[in-house]
Amino acid sequence: MKEPEIILESWSPCCDVQALVEKSESCYYFYLWFHPGKDNMYIKSCWIGNTCPAPEELDKETMEKGAAPAMPRKWISHNVNGIQLNPETLTVEWFEEGDGAALMDKDDILCVIPGWGGQEDFSGYAKYIVGVTPFAWELTNAKETLEERIHKSHQFWDYLDGDFWRDVQKMHLKVLEAYFGTFEKYYGIDGGNFPPKALITGQKGNICYGITAGVSLLPMPLVEQYFQEAAHDFRRMELGFAATEKWKDICPKMYSFLSSIACLPWKEISFLGHGHTIPCNVIEGYSAIWLLNARCMKELSSPIYPQFKGDKINLLWAVPVKQDVYETIMDYGTDEMLKRMDVMNIHIFN
């Protein structure tokens, strides 16, 4: 039997995900390979089309050998003898979050593995599938929504391929200086990698601030699965740390820590939000940081951001917590923990 052939490869612009199109003697498949080559790797797959005459029943013997099976005749809408794709006309369109993608043949959608693909019995959508199968769902009912999403994603990546940073940088500086006055220092925290990110410091009264700028350029993965229609309210974030002047010496360490986790959502294919905790021993005697969203708590002050690409920008304040508080949050949750505390200005380390 001839070995399968990879006819197209593409990397996500922001996530550790590789897209592959494989052609075998029986079929074409679209794969998203998450964290390729690493211990935490996993694969999402979606059938594209048969390359051979369609069988009457699913070839379980082929599956048991670890090979992708041809789709039975009852589930396909293309020629029963199979199809041949032209690799020269195939492209991968990545969604804005970077963890989902569509396979296109010129302007035609062949299949889509969205961010929510791979859950339960849903693999993805395919043009040539009829009904619901274990390897793909029919594209028809979702096509209009997906076309709109693919078009929007294409425009988004085109925007980030242009000279966008000057305007984004200017917006963040304006927002932060309206909050704490003239900024003191500006640190590039992207290491020369895409997308550009910075951390900007300032001081108002006896409070020292360090807040990221540019992290919100990219919407975070997975938010849509948790917040559904409200995803546009929570999928973009910046990180901030505040401390009284007495603790100014610890600020650089915390700023460095915030810089190190600013890429976490796209590196780990996850998201950061209100109530999340991250182990952190930067400050002696403290075990973690607790992220609190200023938009979710009226007791917390925050810079006021304009919308970006139709989304709200959330500032997540990093609140250092000791081990006992960390364990309580883990056991009972953020809402219960907040009930037990004086939350006024809880985001200011003192």
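Computed from a prediction, not measured in an experiment: that's the story for all the values here.

Engineer: How should I be thinking about the environment of R149 in this particular structure?
Structural biologist: Structurally, the position occupied by R149 is in helix α2 (residues 143-160). The class for R149 is buried, based on a relative accessible area of 17%. The spatial distance from the C-alpha of R149 to the C-alpha of L264 is 24 Å, given a sequence separation of 115 residues. When near neighbours in sequence (up to four residues on either side) are disregarded, R149 contacts F95, E97, W116 and E224.

Engineer: How should I be thinking about the environment of A242 in this particular structure?
Structural biologist: In this fold, A242 is placed in strand β13 (residues 236-244). A residue is classified by how much of its surface remains accessible, and A242, at 0% relative accessible area, is buried. Sequence separation between A242 and C280 is 38 residues, and the spatial gap between their C-alpha atoms is 16 Å.

Engineer: Looking at this structure, how should I read the side chain of N50?
Structural biologist: Mapping N50 onto the fold places it in strand β4 (residues 42-50). Given a relative accessible area of 0%, N50 falls into the buried group. A polar contact is formed between the side chain of N50 and the backbone nitrogen of M71, at a distance of 2.7 Å. Those residues in contact with N50, other than ones at most four positions away along the chain, are S26, C27, A70, M71, I76, H78, G82 and I83.

Engineer: Help me understand the packing of aromatic side chains in this model?
Structural biologist: Each aromatic ring pair is summarised here by two numbers: the centre-to-centre distance and the angle between the ring planes. Scanning all chains against the criterion turns up 18 aromatic pairs. Ring centres of F34 and Y42 lie 4.6 Å apart, and the angle between their planes is 5 degrees; this geometry places the pair in the stacked category. Their ring planes at 65 degrees and their centres at 5.1 Å tell us that F156 and W157 sit as a pair that is edge-to-face. These aromatic residues form a ring-pair network of at least three members: Y179, F180, Y209 and W317. Across from the ring centre of F234, 5.3 Å away, lies the NZ or CZ of R295, which sits over that ring. Seen from the ring of Y159, K309 lies directly overhead, with NZ or CZ sitting 3.6 Å from the centre.

Rules of the game
- Residues numbered from 1 in each chain as written.
- Predicted model: local features only at pLDDT ≥ 70, side-chain atom pairs only at ≥ 80, totals over all residues.
- Heavy atoms only, no water.
- Helix = DSSP H or I, 4+ residues; strand = E, 2+ residues; numbered from the N terminus.
- Buried < 20%, exposed > 50% of the residue type's maximum accessible area, 1.4 Å probe, protein only.
- Contact = heavy atoms within 4.5 Å.
- Polar contact = N/O pair within 3.5 Å; in protein donor to acceptor, adjacent residues only side chain to side chain.
- Phe/Tyr/Trp six-rings, centres within 6.5 Å; stacked < 30°, edge-to-face > 60°.
- Lys NZ or Arg CZ within 6 Å of the ring centre and 35° of its normal.

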